[in-house]
Amino acid sequence: MTLKDLQIYIHKRIERLYPEGEIRSFYFILLEHYAHLSRSEVLANPQQQLLTVAESQIIAAIEELTTERPIQYIIGATEFYGSSFEVDENVLIPRQETEELVDWIITEVGERSGREGKPIRIVDIGCGSGCIAISLAKHLKNSVVTALDISENALAITRRNAERNGVSLQTLQADVLTLEALPDTYDIIVSNPPYVRESEKKEIQRNVLDFEPHLALFVSDENPLVFYEKITQLASQSLLRGGLLFFEINQYLPSEMRTLIEGFFGFQMTLRNDLLDNARMVKVAFEGFSL
């Protein structure tokens, strides 16, 4: 099979499931992953023959795409904030809005003077693949980062991703909802906890609903801010003077978030929209304090 033949085949096989642009993206991703061909090489040599092994692997991957399994799980990796991360069904696939949250944290810390001679202590609660914790560890050199998750399988992926990206961090298995206190004090506490209400499942695409871990996605309609309330309570005990708390949030609940956060003495919340103009992330600080 030539590259051109493959292009025709993938379109015919999945054209009813995916838009044209996404199919084209899959084509290049699969060739890069299995045949080690760059986009420019593919475009320059459409009549190049695929090696038999690569062809078989790509055909098998296309068959998985017909089930709407995410391509990130098929190839076992994704890009996040300029780095490569291992992912599988034990962890969420990192999103662009989470990259925006990471960038906000890095910018905030970069603009502050820091505590002279002391590292910036960070904990990521509900770390999943470790994309937030590892990205912060990579880009904030004077940092000591802890990644916490309820899932040992997720923490195993985080540890492999830390090695993959050449950073060191601490990992801790714990159910944050049952913690009486965090294990240390921190300059930065960050979390992208479960926040999709059960009633919102009807809005979720099949590739997410059928394959990504529900434990990391969904909360009850009756108490949708349960994780935020608990983490804010823990932060009130464990944030160092001048520390900051960052959350990714449900775009439909910014007012409820503000009421919750500002119900804790001394906390002030700043809301930020993502690039799609959805209310998606917040920064929480003690008014008038600075790192």
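Cut-offs used in this document
- Residues numbered from 1 in each chain as written.
- Predicted model: local features only at pLDDT ≥ 70, side-chain atom pairs only at ≥ 80, totals over all residues.
- Heavy atoms only, no water.
- UniProt positions renumbered as here; feature names shortened; annotations may be inferred.
- Helix = DSSP H or I, 4+ residues; strand = E, 2+ residues; numbered from the N terminus.
- Axes fitted to C-alpha atoms, helices over the stretch in contact; angles between N-to-C directions.
- Left-handed = near helix turned anticlockwise from the far one by under 90°.
- Contact = heavy atoms within 4.5 Å.
- Buried < 20%, exposed > 50% of the residue type's maximum accessible area, 1.4 Å probe, protein only.
- Core = buried A, V, L, I, M, F, W, Y, C linked by side-chain atoms within 4.5 Å.
- Pairing = 2+ DSSP bridges.
- Salt bridge = Lys/Arg side-chain N within 4 Å of Asp/Glu carboxyl O.

A. Up close: the UniProt feature "domain: Methyltransferase small" (unreviewed entry) in the chain. If you check UniProt for "domain: Methyltransferase small" (unreviewed entry), the listed places come out as residues 121–203 in our numbering. Strand forms 29% of residues 121–203 and helix 27%; the C-alpha atoms that close the span are 37 Å apart.

B. Expanded view of the packing of helix α6 (residues 96–110) against helix α7 (residues 131–139). Interhelical geometry of α6 versus α7 gives an angle of 35° and a closest axis separation of 10 Å. Remark: the crossing between α6 and α7 carries right-handed chirality. Residue-level inspection shows Thr 98, Leu 101, Val 102, Ile 105 and Ile 106 of α6 in contact with α7, the latter providing Ile 132, Ser 135, Leu 136 and His 139.

C. Fine view of the side chain of Arg 69. Of note, Arg 69 is situated in the loop between α4 (52–65) and α5 (71–75). Not counting residues within four places of it along the chain, the set of residues in contact with Arg 69 comprises Tyr 18, Glu 64, Ile 74, Glu 89 and Phe 211.

D. Spotlight on unusual backbone geometry. The residue Tyr 81 is not glycine, and still its phi comes out positive at about 50°. Topologically, Tyr 81 is positioned in the loop between β1 (77–80) and β2 (83–86). Even without being a glycine, Asp 277 presents a positive backbone phi close to 70°. Of note, Asp 277 is situated in the loop between β10 (267–273) and β11 (279–286). With relative accessibility at 58%, the residue Asp 277 sits in the exposed group.

E. Representation of the nonpolar core within the structure. Residues Ile 125, Leu 182, Ile 189, Tyr 228, Leu 245, Phe 247 and Met 257 are the most contacted members of the largest nonpolar core, which totals 34 residues. When contributions to this core are tallied by element, the ones reaching two or more residues are β3 (120–125), β6 (186–191), β8 (218–219), α10 (226–238), β9 (239–248), α11 (254–261), β10 and β11. Ranked by residues supplied to this core, first place goes to α10 with five residues. With 31 residues, the next largest nonpolar core counts Phe 80, Cys 131, Val 167 and Phe 246 among its residues.

F. Main features of the pairing of β2. Examined bridge by bridge, β1 and β2 share four bridges and lie antiparallel to one another. Within β2, the residue paired with Ala 77 across the bridge is Glu 86. Counted along the chain from β1 to the antiparallel partner β2, the turn is two residues long, and its residue Tyr 81 has a positive phi close to 50°.

G. Main features of the pattern of salt bridges. Under the definition given, this model contains 14 salt bridges. The closest approach of N and O atoms between Arg 280 and Asp 274, which form a salt bridge, is 3.6 Å. Here Arg 280 matches Asp 274 in class, with each residue buried. Each of the salt bridges in this network shares a partner with another, and the network as a whole consists of Glu 64, Arg 69 and Glu 89.

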